[in-house]
Amino acid sequence: MIRYLVKRVLLAILSLVAVSIITFILFFAVPTSPAYVMCGKQCDAHAIAQTEQRLGLDKPTYVQYGEFMKGLVAGRSYGTGELAVKCPAPCLGFSFRTNEPVTDIIGRTLPVTVSIVVGATVLQLVLGVGLGMISALRRGTAFDKAAVGVSLVGASMQIYFFGPILLLLFVYTMHLLPNPGYTSPFDDPGQWFVQMLLPWVTLGFLNSAIFARLSRAQMLETLSEDFVRTARAKGLTKWKVYGRHALRAAITPIVTTAGLYFGASLGGAVITETVFGVNGLGRTAVQAVNDLNLPVVMATVLLAAFFIILLNIVVDMLYSVIDPRVRLS
Amino acid sequence: MSEQTFEPGSQAAPTAVAPRSSSPLLTVEGLAKHFPVKQGAFGTKALVRAVDGVDFSVDRGETLGLVGESGCGKTTTGRMVVKLLEATAGKIVFEGRDITRFNRSQMRALRHDLQIIFQDPYSSLNPRHTVGKIVAMPLQVNGINPPGGVKKRVQELLETVGLNPEHYNRYPHEFSGGQRQRIGIARALALRPKLIVADEPVSALDVSIQAQVINLLRDLQREFDLAFVFIAHDLAVVRHFCQRIGVMYLGKMVEIGDRHQIYEEPAHPYTRALLSAVPDVTKIGEKGRERIRLEGDVPTPLNPPSGCRFRTRCWKAQPKCAEVEPPLLQIGTGQQVACHFPETGPIA
Amino acid sequence: MTATASSAATSEVQDDRPYLEVDDLRVQFKTEDGIVRAVDGISFKLERGRTLGIVGESGSGKSVTSLTVLGLHNMARTRVTGSVRVNGREIVGLDEEKVRRMRGRDMAMIFQDPLSALHPYYTIGRQIAEAYLVHHPGQKAKAKRRAIEMLDRVGIPQPQRRYDSYPHEFSGGMRQRAMIAMALVNDPSLLIADEPTTALDVTVQAQILDLLDDLQREFNSAIIMITHDLGVVSRVANDVMVMYGGHAIEFGSVDQVLTEPQHPYTWGLLQSVPSLRGNAEDDLDPIPGSPPSLINLPSGCAFHPRCAYRMIGGGPCDLEVPELLPTAQEGHVVACHLPENERRRIFAEEIKLGAE
């Protein structure tokens, strides 16, 4: 088990290094220099060269990469002598655009994305899995048909359509909710909740359609398993048969999908953040790419990759907890 | 390695394949298949000795049955013979040629002569192909254009196995289990093979259908002078189809003999126990009859017992059985047994 | 339709009536292709301490019959008529909750493939204890003790330790023993075994059949053994019912049905089975054709298209469904239009069974 974990962690680090190298290469494959983007209208060759030097972009790519990695692991300092700025590990550098430490940017935007994604995930699991299970148990009934229909509509609906409609309805027309935004739940949980509600409902509801379909299919398959028949033959009540025997077996693939979804969304719920105008990781990342803001791009890409890899490991561990036949090796 | 059949020179010992009149069609010597597996919390590597040094031969037109319980290695043996699995050790000689290390293209030429029929008639046929296409496949893959064309040949084949030639354009799901097995047989026959490995060909079928397919195989065997390696767990079915029978236990051949020898005068205690365990309709009214009851299950091939592998369940086991592995020795014309204390005389 | 195969011989059971009485049971379910008449008028009785073998090929209705006795069929899509009385209590039409309370306590079932019939995620012990707890709520410690006791009883070594094993850690034979332990944990009087040894090796099969024998003697339970294997039936059953196309076509004591069968289908079955005796050089004598579809049964006697003797009687084989009628031998009933003396003659002169 421990051996397995060590192996996975080492592999994860390797993957992250690979991701960072690929991102670096891709970034420098763009024909435009970030300095050009930054120096505005009165731009001449001298200004560009100066900016490039200031940002360290004049050095060879591999040197820059080396410095980036050194900063991440051991910290680094920018400039020389009196003007030197210490950047302790893990140093992700400073934004090309605002000179703000990238770690601060992440610290500001990550909680926003985490808030959105966690809330939406809870909603999509409760709603989606619940709906799917009930419709599997009532297969062929009006409820089942309605649920299948709704989930089909949900799965094909888009956030950029559904989101603005909710916004229009609940915020601008009925004034039931404040404009979505982010308030730290530690400062004002109530405000945090009402402001996050619309993003949650939008993302959660649409994703729940996928989970409803998945859970329904899984549950139907499990209900036809021999061990469910055995459970009934023992004289267990319907709810114990479903809850203890069928659900437990049906849940495995749902856990996988949910975990991987969760990991992928933590990298940034770009469309949701954009629709509701909240500054999360996703929006920050897109903005950084547009600005050729290398330190921020690196940070957001690595963070997204980190979450995906982390959740992959978590899902595999959960597997071995759920299913005693799975051995981690 | 404890398998004495691997040792050089052992082929000349009495354990070697019994000398038979003409040169056999298929000879298997010291055949072994070890699957590496990971085990335990630390993922230590271990070997599953699925087949662990097996010798036998099959003559032209002869039917050899391989029987034994699950995990005895009979299926693995069959798959190695047709090269669906690569042997870990040992030799497979077909028509005088050592085919053990044949590669894909060398095997292609051999497919004419060597075919396999599988147990599950449902999963071994491609559901998206018509029966005609399925049966024609071996011909087309091998670039054979029989006189009168592929279609005519396929229709003949369908007729041979008792299907209507007009079923040419139908799909496998339109057929019953028995008919599907007939399709599989037609496919195997398409290249007019000399040897067919049949892996539990009737065990998925209903009783009445099973008899039809056994009869069909018997007819084909006589008509085309086919040799068979017939793998089955059902001893009664094997008795009706096979002239010679090899009994396997935990990756080893424990006894080989002709039908009379195996079913009437078996020498290995395991063979006797197997026969005794079969519930037979004709034994009705003999409920008080002495039955040999084996204790426990077959041990794991990961860690087979030392010496004779059957000793842990054998009522005749002596200290010697744990120490020395009994070699497969000739005890009568064509009968070989691997036991230190073989039984004699007819079965009770 | 009256299959009166009750056995007066075993009257040591003092109950007034047989433990299980099935009368004119019919089970139909709707499918996209049409109505499946899975069971079409089955009647039999079974007393405690006796074993009834139900024999048939796939689609004969043998498994559906047993599932209906336990009320395990899909209630929504199945229509059940007739009567199933367990210990005098009518099951057909009984409230689902009441049937549930009887399941596992009065009647239990073991299935063909113990690996898929056991829940892969729960320990063997927990699954057995659960079966006890359903009918003895709250007695957790007792349930565990009882589970270990049953594991021991069915011959699982080190039951204390094995209690915590998962099904995949057991061998096939051990798993089936565990299934039996689970089925018998509440001392049910009726045990239905649906092909319990089909997935097992012969030596293990022999062990399991011996075990069932022992347990039956100990608990005096009634057993229904559903199987396609006539050998198994001959080994364990007192009475045999042969099913074909959802009908019982022959019923009698094991000796009557297996050594003096009167139905052409039973003859066919017996002749198609390869035996360990007799002349192996002879071809087997299979029944031509394949078992019928339950959606579209042949008219008249469902077996008539495959029956070699259908013309001889000149009777209404393809028009009228033959009734299960008594023969000269008490308890032996056969559903065939051929006159009995003709059947006896054919069997004596033309039918050759493996033993000779």
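Residues numbered from 1 in each chain as written. Chains lettered and ligands numbered in written order. Predicted model: local features only at pLDDT ≥ 70, side-chain atom pairs only at ≥ 80, totals over all residues. Heavy atoms only, no water.

**Here we look at the overall build of chain A**
And step 1. Per the secondary structure count, chain A includes 13 helices and two strands.
And step 2. Each of the three principal axes of chain A carries a C-alpha extent, and together these read 80 × 60 × 40 Å.
And step 3. Every one of the 329 residues in chain A was classed for burial, and the buried ones make up 44%.
And step 4. Here the analysis covers contacts within chain A between residues at least 6 apart in sequence; of these, 65% occur between residues at least 24 apart. (Helix = DSSP H or I, 4+ residues; strand = E, 2+ residues; numbered from the N terminus. Buried < 20%, exposed > 50% of the residue type's maximum accessible area, 1.4 Å probe, protein only. Contact = heavy atoms within 4.5 Å.)

**Side note on the nonpolar core**
And step 1. With 81 residues, the main nonpolar core has L20, F44, V86, I180, L190, I224 and M241 of chain C as its most contacted residues.
And step 2. Among the elements that make up this core, the one with the highest residue count is helix 7 (residues 172-184) of chain C (eight residues).
And step 3. In terms of nonpolar packing, the next biggest core, distinct from the first, is built from 66 residues, A190, L226 and V254 of chain B together with L284 of chain C among them. (Core = buried A, V, L, I, M, F, W, Y, C linked by side-chain atoms within 4.5 Å.)

**Describing helix 1 (residues 62-69) of chain C**
All names here are of chain C.
And step 1. Of all eight residues making up helix 1, seven are buried, and the element is well covered by its neighbours.
And step 2. Listed as buried for helix 1 are K62, V64, T65, S66, L67, T68 and V69.
And step 3. One or two residues past the end of helix 1 sits G71, with phi positive at roughly 65 degrees.

**Quick notes on the interface of chain C and chain B**
And step 1. Listed by partner, the interface residues are 49 residues for chain C and 41 residues for chain B.
And step 2. Taken together, the connections running from chain C to chain B amount to four salt bridges.
And step 3. For R293 of chain B, the salt bridge is made with D210 of chain C, and the minimal N-O distance between the two is 2.3 Å.
And step 4. At the junction of chain C and chain B, the tally comes to 24 residue pairs in polar contact (both at pLDDT 80 or more).
And step 5. Of all the elements in the fold, those that place two or more residues in the side of chain C that touches chain B are helix 7, helix 8 (202-219), helix 9 (230-236), helix 10 (254-259) and helix 11 (264-272) of chain C.
And step 6. In terms of residues, the side of chain C that touches chain B owes the most to one element, helix 8 of chain C, which gives seven residues.
And step 7. Looking at side-chain class alone, the side of chain C that touches chain B contains 21 nonpolar, 17 polar and 11 charged residues. (Salt bridge = Lys/Arg side-chain N within 4 Å of Asp/Glu carboxyl O. Polar contact = N/O pair within 3.5 Å; in protein donor to acceptor, adjacent residues only side chain to side chain. Nonpolar A, V, L, I, M, F, W, Y, C, P; charged D, E, K, R; others polar.)

**Here's the deal with the packing of aromatic side chains**
And step 1. On inspection of all chains with the given rule, the structure shows 20 aromatic pairs over all chains.
And step 2. Aromatic side chains F228 of chain B and F241 of chain B sit 4.9 Å apart centroid to centroid with 85 degrees between the ring planes, which places their arrangement in the edge-to-face category. Here F228 of chain B, found in strand 8 (residues 227-231), pairs with F241 of chain B, found in helix 7 (residues 235-241); they are 13 residues apart in sequence, far enough to count as distant. By the burial criterion, F228 of chain B is buried, and F241 of chain B matches it.
And step 3. For the ring pair Y265 of chain C and F303 of chain C, a centre distance of 5.2 Å and an interplane angle of 65 degrees mean the geometry is edge-to-face. (Phe/Tyr/Trp six-rings, centres within 6.5 Å; stacked < 30°, edge-to-face > 60°.)

**Re the sheet that holds strand 3 (residues 63-67) of chain B**
All names here are of chain B.
And step 1. If you trace the eight strands from one edge of the open sheet to the other, you get 6-7-8-3-9-10-12-11, paired in mixed fashion. A single partner strand is all that each edge strand has here, and the edge strands are strand 6 (114-117) and strand 11 (329-332). Averaged over neighbouring strand pairs, the angle between their axes works out to 20 degrees when direction is ignored.
And step 2. Taken together, the four bridges between strand 6 and strand 7 (residues 195-199) define a ladder with parallel strand orientation. Along strand 7, the bridge assignment pairs I116 with V197.
And step 3. Docked against the sheet, helix 9 (residues 269-277) engages strand 9 (244-249) and strand 10 (252-258), running at close to 100 degrees with respect to strand 9. (Pairing = 2+ DSSP bridges. Axes fitted to C-alpha atoms, helices over the stretch in contact; angles between N-to-C directions.)

**A few points about the UniProt feature "transmembrane region" (unreviewed entry) in chain A**
Residues and elements named next belong to chain A.
And step 1. Following the UniProt record, one finds the feature "transmembrane region" (unreviewed entry) at residues 9-30, 112-134, 146-172, 192-212, 246-272 and 292-319.
And step 2. Counting secondary structure, residues 112-134 comes out at 100% helix and 0% strand; the distance between its end C-alpha atoms is 33 Å.
And step 3. Within residues 246-272, the helical portion is 89% and the strand portion 0%, while the C-alpha atoms at the span's ends are 35 Å from each other. (UniProt positions renumbered as here; feature names shortened; annotations may be inferred.)

**Here's the deal with the sheet that holds strand 4 (residues 78-86) of chain C**
Residues and elements named next belong to chain C.
And step 1. An order of 2-1-4-5 is seen for the four strands of this open sheet, with the pairing classed as antiparallel. The sheet terminates laterally at strand 2 (34-46) and strand 5 (89-90), the two strands that pair on one side only.
And step 2. Sheet topology places strand 1 (residues 20-31) next to strand 4; eight bridges connect them, and they run antiparallel. When the sheet's bridge partners are listed, L20 is paired in strand 4 with V86.
And step 3. Running at roughly 110 degrees to strand 1, helix 1 makes contact with strand 1, strand 2 and strand 4 of the sheet.

**Considerations on the state of the cysteines**
A covalent bond between the sulfur atoms of two cysteines is referred to as a disulfide.
And step 1. Counted according to the given criterion, the structure contains one disulfide over all chains.
And step 2. The residue that forms a disulfide with C87 of chain A is C91 of chain A, at a sulfur-sulfur distance of 2.0 Å. Between C87 of chain A and C91 of chain A, the S-S dihedral sits near 105 degrees, and the bridge is therefore right-handed.
And step 3. Here C339 of chain B is not disulfide-linked; the sulfur of C314 of chain B is the nearest cysteine sulfur, at 6.2 Å.
And step 4. By relative accessible area, which is 18% here, C339 of chain B ends up buried.
And step 5. Looking at C336 of chain C, it has no disulfide partner, and the nearest cysteine sulfur is the one in C307 of chain C, 6.3 Å off. (Disulfide = S-S within 2.5 Å.)

**A few points about the side chain of R153 of chain B**
Residue and element names in this part refer to chain B.
And step 1. Assignment of secondary structure puts R153 in helix 4 (residues 150-160).
And step 2. On the accessibility criterion, R153 (9% relative accessible area) is buried.
And step 3. With sequence-adjacent residues up to four places away left out, R153 is seen in contact with L139, P146, L189, A190 and R192.

**Focus on the side chain of Q205 of chain C**
And step 1. Relative to the helices and strands, Q205 of chain C resides in helix 8.
And step 2. When its relative accessible area of 6% is taken as the criterion, Q205 of chain C is described as buried.

**A few points about the environment of L260 of chain A**
Residues and elements named next belong to chain A.
And step 1. Its place among the elements puts L260 in helix 10 (residues 238-266).
And step 2. For the pair formed by L260 and W200, sequence separation is 60 residues and the distance between their alpha carbons is 18 Å.
And step 3. The contact partners of L260, leaving out residues within four places of it in the chain, are N312 and V315.

**So, the confidence of the model for chain A**
And step 1. Averaged over every residue, the pLDDT of chain A is 88; the share at 70 or more is 98%.
And step 2. Looking across chain A, the model is least confident in helix 2 (residues 34-38) of chain A, with a mean pLDDT of 77, and most confident in helix 9 (residues 226-233) of chain A, with 94. (pLDDT = per-residue confidence, 0-100.)

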